[in-house]
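One letter stands for each residue in the lines below.
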Amino acid sequence: MALMEVSFHSEIMGMSCQAMVILPQKNQGIGMDGSSQKEKYPVLWLLHGGSDDHTTWLRRTSIERYVSSLGIAVVMPEAHLSMYTNMTHGARYLDYIADELPEIMRSFFPLSSKREENYIAGQSMGGYGSLKIGLSRPDQYSAIGCFSAGNLIYRGNIEETPELAVWQERSRRMAIDVFGSPEYETLFGTEHDVYHLAAQRLESKKPIPRIYHVCGTEDFALAQARHARDWFSKQEIDYLYQEPSGDHSWDFWDIWIQDFLKWLV
Amino acid sequence: MALVEVRFFSEALGMSRTMNVILPQQQNGVGQDGAKDSGGDIPVLYLLHGGSDNHTTWQRNTSIERYALSRGLAVVMPAADNSCYTDMKHGYDYFKFFGEELPQIIREFFPNITQKREKTFVAGQSMGGYGSLKLGTLYPERFSKVGFLSSMIATERLFSKADFSSFGENIFGSQEEASGSINDSYFIMDRLIAEGKQMPEYYCICGTEDFLYQDNVDFYNHYKDKINLKYHEEPGEHEWGFWDRNIQIILDWMVQ
């Protein structure tokens, strides 16, 4: 694979932004398969979680090796702590990642713009982001992968987790900056509500992305994931839910991204 | 501007390599104008570094990104180690990489960079000047303009100084092997002239205090009436301040 680190100007963000891009290459060097050259490659938009950046997926998993024989490109943007949302007090991250980023990346690299060749996935904050962006722009993506997350505004018991104690105050402030309010119930039925987005699309009768959803049984996000499972499994959606043993960690995501890629292609 | 650091596999070199690519954008941040829309056919400068440099050096030691952006140019800066852009006698096939493989890789990854000769240029400083002269003269159908700053022109240079001679030996074998080969700047230029093919335009720039000054003056005097060769000299030494100033002259000439 070829690996690009791209720094570029985003008009929506009003600043220089960063992304890592993996592009297929026929020849790889020893110990690694390549894939044949295409005019334009299918793209997986791979979103990071809270506290991560555009390099984290690369460093903590073997994503480059997993895609090397699949002939798909991977774009990993940096999204700070934005929840992939058009922030109430902050920048329009959703519009940036859903609309501007693909346009910029396609102007640089040989990436497909076809719906059936564009996919979006992520872990934790990136799992919510994938559902949100995928269902906000269902004409742009044919598949969504959500790891260790769900419809974020249905919190479950996340706040009661001791590991996240240091995040309590931070997540309150994040909720205000991102959504305008720490009262998540006020967000039900809005653009931040993934069930609402899905319901709107289902009503239109137009194609809706397939969804791959996985969460470990020891993960503090489990209640949130199950809440989403309960809702999505009742809809006319190609929806796969799995609950293997595991927790909210990179060991888990390194294993399950591979399963997602098998399901994807 | 976008800056792309590309890590890729080179079949010619048999290893993983790095290059930096600057791509124009129409919009940029505060204090920087954008480039006009090139309609998906972006002019490109292959910018070759000198001995001891790498794929980042031009960027760090000059304002190449700002100069390129205002002229709407993409810039490709691969790492070349200390290879003199040559298929080394004891080493790797850097000329094969730069001459044959690199343009294919650029075409594969960056489909909006031009394939047109009139918008494809090569330039470099010192060892990179030698490389630019060589690439442009051996691939005249690919490059319309060749800029070379403070260049190594004669390979004899590497053999005349004791500390450089093992360096020269690994690259060229010996001065006898270099003479009259594709590694000989004069030989390849004479051959191209004799072939009567379409030639690039050339621009030679050197500082008057540069240790390579005489080599550059000699080259200019030898070819000024035989090929389209411009020349500029000014006070200056073999250093980055000189190259930062004078690359701008080369860029203006390239995009006019």
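This one's a predicted model, so the numbers in the text were calculated from it and none came from an experiment.

Student: How do you make sense of the overall build of chain B when you look at a structure like this?
Tutor: Across its full length, chain B holds 10 helices and eight strands. Relative to the globule expectation of 18 Å for 256 residues, the C-alpha radius of gyration of chain B, 17 Å, shows essentially globular dimensions. In terms of principal-axis extent, the alpha carbons of chain B reach across some 50 × 40 × 35 Å. Burial analysis of chain B (256 residues in total) assigns 58% to the buried set. In chain B, once contacts between residues fewer than 6 apart in sequence are set aside, the share between residues at least 24 apart is 71%.

Student: What am I meant to see in the overall build of chain A here?
Tutor: Within chain A one finds eight helices and eight strands. Here the C-alpha radius of gyration of chain A, 18 Å, is about what a compact globule of 265 residues would show, namely 18 Å. Referenced to the eigenvectors of the C-alpha coordinate spread, the extents of chain A come out at roughly 50 × 40 × 40 Å. Across the 265 residues in chain A, those meeting the buried criterion constitute 58%. Nonlocal contacts in chain A, meaning residues at least 24 apart in sequence, comprise 72% of its contacts between residues at least 6 apart. As displayed, chain A has an accessible area near 10700 Å², and 47% of this comes from carbon and sulfur atoms.

Student: Any chance you could explain the packing of helix α6 (residues 194-204) of chain A against helix α7 (residues 222-232) of chain A here in plain terms?
Tutor: Helix-helix packing is described using two parameters, namely the angle between the two axes and the distance between the axes. Residue and element names in this part refer to chain A. Their axes nearest at 11 Å, the elements α6 and α7 cross at an angle of 15°. Comparing their axes, α7 and α6 come out roughly parallel. Two packed elements cross with a definite hand, and for α6 against α7 that hand is right-handed. Where α6 approaches α7, its residues Val194, Tyr195, Ala198 and Ala199 are matched on the opposing element by His227, Ala228, Trp231 and Phe232. Of the residues that constitute the contact of α6 with α7, the class distribution is seven nonpolar, one polar and no charged.

Student: Could you clarify how one ought to interpret the side chain of Thr120(B) in this entry?
Tutor: Residue and element names in this part refer to chain B. Residue position: Thr120 is located in strand β5 (residues 120-125). Take Thr120: its relative accessible area is 5%, and that puts it in the buried class. Polar contacts involving the side chain of Thr120 include one to the main-chain carbonyl oxygen of Lys116, which spans 2.7 Å. What Thr120 contacts, discounting residues up to four positions off in sequence, is Val44, Tyr46, Thr114, Gln115, Arg142, Phe143, Ser144 and Lys145.

Student: Help me out: how do you make sense of the pairing of strand β6 (residues 143-147) of chain A in this one?
Tutor: Along a regular strand, successive side chains alternate from one face of the sheet to the other. All names here are of chain A. Counting buried positions along β6 yields five of five residues, so the element is predominantly enclosed. Residues Ala143, Gly145 and Phe147 line one face of β6 and the alternating positions Ile144 and Cys146 line the opposite face, and both faces are buried. The pairing of strand β5 (residues 118-123) with β6 spans five bridges and is classified as parallel. If you follow Gln123 over to β6, its bridge partner there is Phe147. After leaving β5, the chain enters helix α4 (residues 125-136) and then returns to the sheet as β6, a path that is right-handed. Across five bridges, β6 lies against strand β7 (residues 210-214) in parallel orientation.

Student: I'm lost on the packing of α4(A) against α6(A) in this one. Help?
Tutor: Residues and elements named next belong to chain A. As a packed pair, α4 and α6 sit with axes 9 Å apart at the nearest point and diverge in direction by 25°. Of the possible angle classes, the one that applies to α4 and α6 is roughly parallel. Here α4 and α6 pass one another in a crossing that is left-handed. On α6, the residues touching Tyr128, Leu131, Lys132, Leu135 and Ser136 of α4 are Val194, Leu197 and Ala198. Within the contact of α4 with α6, the residues separate by chemical class into six nonpolar, one polar and one charged.

Student: Is there a simple way to think about the state of the cysteines in this case?
Tutor: Covalent bonding between the sulfur atoms of two cysteines defines a disulfide. Taken as a whole and assessed by the stated rule, the structure comprises zero disulfides over all chains. The thiol sulfur of Cys146(A) is not disulfide-bonded, and the nearest other cysteine sulfur, from Cys215(A), lies at 8.3 Å. As a non-bridged cysteine, Cys206(B) has Cys204(B) as the owner of its nearest cysteine sulfur, 6.5 Å distant. The class for Cys206(B) is buried, based on a relative accessible area of 0%.

Student: Is there a simple way to think about the interface of chain A and chain B in this case?
Tutor: The accessible area lost on association of the parts is a frequent measure of interface size. At the interface, 24 residues of chain A touch 21 residues of chain B. Summed over both sides, the interface between chain A and chain B buries roughly 1800 Å², with carbon and sulfur atoms accounting for 54% of that surface. Sorting the residues of chain A by area buried against chain B places His9(A), Gln25(A) and Phe108(A) first, and these three jointly supply 30% of that buried surface. Linking chain A with chain B are zero salt bridges, by the criterion used here. Looking at the side of chain A that touches chain B, the elements with two or more residues in it are β1 (2-10) and α3 (93-108) of chain A. Per-element tally for the side of chain A that touches chain B: the top contributor is β1(A), with eight residues. Across the side of chain A that touches chain B, the residue classes tally to 13 nonpolar, eight polar and three charged.

Student: What is the right way to read the side chain of Glu5(B) from this model?
Tutor: Within the element layout of this structure, Glu5(B) appears in strand β1 (residues 2-10). In this structure the side chain of Glu5(B) is engaged in a polar contact, spanning 2.5 Å, whose partner is the side chain of Arg7(B). The contacts of Glu5(B), once residues within four sequence positions are left out, are Leu3(A), Met4(A), Glu5(A), Thr18(B), Met19(B), Asn20(B) and His55(B).

Student: Before we go on, may I ask you to explain the environment of Asp219(A) in this structure?
Tutor: All names here are of chain A. With respect to the secondary-structure elements, Asp219 resides in the loop between β7 and α7. Taking relative accessible area as the criterion, Asp219 reaches 4% and is therefore assigned buried. Once the C-alpha coordinates of Asp219 and Ser35 are considered, the two residues, 184 residues apart in sequence, prove to be 35 Å apart. Not counting residues up to four positions away in its chain, the partners in contact with Asp219 are Ser148, Gly246, Asp247 and His248. Looking at Asp219, its side chain comes within polar contact range of the side chain of Ser148, at 3.3 Å.

Student: Please explain helix α6 (residues 162-172) of chain B as it appears in this structure.
Tutor: Residues and elements named next belong to chain B. Ser165, Gly168, Ile171 and Phe172 are the residues of α6 that are buried. Down the axis, α6 shows its buried residues gathered within 130° of arc, on one side only. Contact partners of the buried residues in α6: α4 (127-138), α5 (156-160) and α7 (175-178). Backbone geometry just downstream of α6 places Gly173 in the positive-phi region, at approximately 90°.

Student: Can you help me understand the environment of Asp139(A) in this one?
Tutor: Residue and element names in this part refer to chain A. Positionally, Asp139 belongs in the loop between α4 and β6. Along the sequence, Asp139 and Pro207 sit 68 residues apart, while their C-alpha atoms lie 7.8 Å from each other. For Asp139, the residues in contact, after removing those within four places along its chain, are Arg115 and Arg201. A polar contact is formed between the side chain of Asp139 and the side chain of Arg201, at a distance of 2.7 Å.

Student: I tried to follow helix α10 (residues 240-255) of chain B on my own but got confused; where do I start?
Tutor: Helical geometry note: an α-helix holds 3.6 residues per turn, so side chains three or four residues apart project in the same direction. Taking 1.5 Å of rise per residue, the 16 residues of α10(B) would be expected to cover 22 Å, and the 22 Å separating its terminal C-alpha atoms lies within 8% of that figure. Where α10(B) begins, one side-chain oxygen reaches toward the backbone nitrogen of Gly241(B), 2.8 Å away; that side chain belongs to Glu239(B).

Parameters at a glance
- Residues numbered from 1 in each chain as written.
- Chains lettered and ligands numbered in written order.
- Predicted model: local features only at pLDDT ≥ 70, side-chain atom pairs only at ≥ 80, totals over all residues.
- Heavy atoms only, no water.
- Helix = DSSP H or I, 4+ residues; strand = E, 2+ residues; numbered from the N terminus.
- Rg over C-alpha atoms; globule rule 2.2 N^0.38 Å.
- Buried < 20%, exposed > 50% of the residue type's maximum accessible area, 1.4 Å probe, protein only.
- Contact = heavy atoms within 4.5 Å.
- Areas by Shrake-Rupley, 256 points an atom, 1.4 Å probe, with all protein chains shown as cover.
- Axes fitted to C-alpha atoms, helices over the stretch in contact; angles between N-to-C directions.
- Parallel < 35°, antiparallel > 145°, perpendicular 65-115°, else oblique.
- Left-handed = near helix turned anticlockwise from the far one by under 90°.
- Nonpolar A, V, L, I, M, F, W, Y, C, P; charged D, E, K, R; others polar.
- Polar contact = N/O pair within 3.5 Å; in protein donor to acceptor, adjacent residues only side chain to side chain.
- Pairing = 2+ DSSP bridges.
- Right-handed = clockwise from strand over helix to strand, strands pointing away.
- Disulfide = S-S within 2.5 Å.
- Buried area = accessible area lost by both parts, 1.4 Å probe.
- Salt bridge = Lys/Arg side-chain N within 4 Å of Asp/Glu carboxyl O.
- Arc of directions from axis to C-beta.
- Expected span 1.5 Å × (residues − 1).

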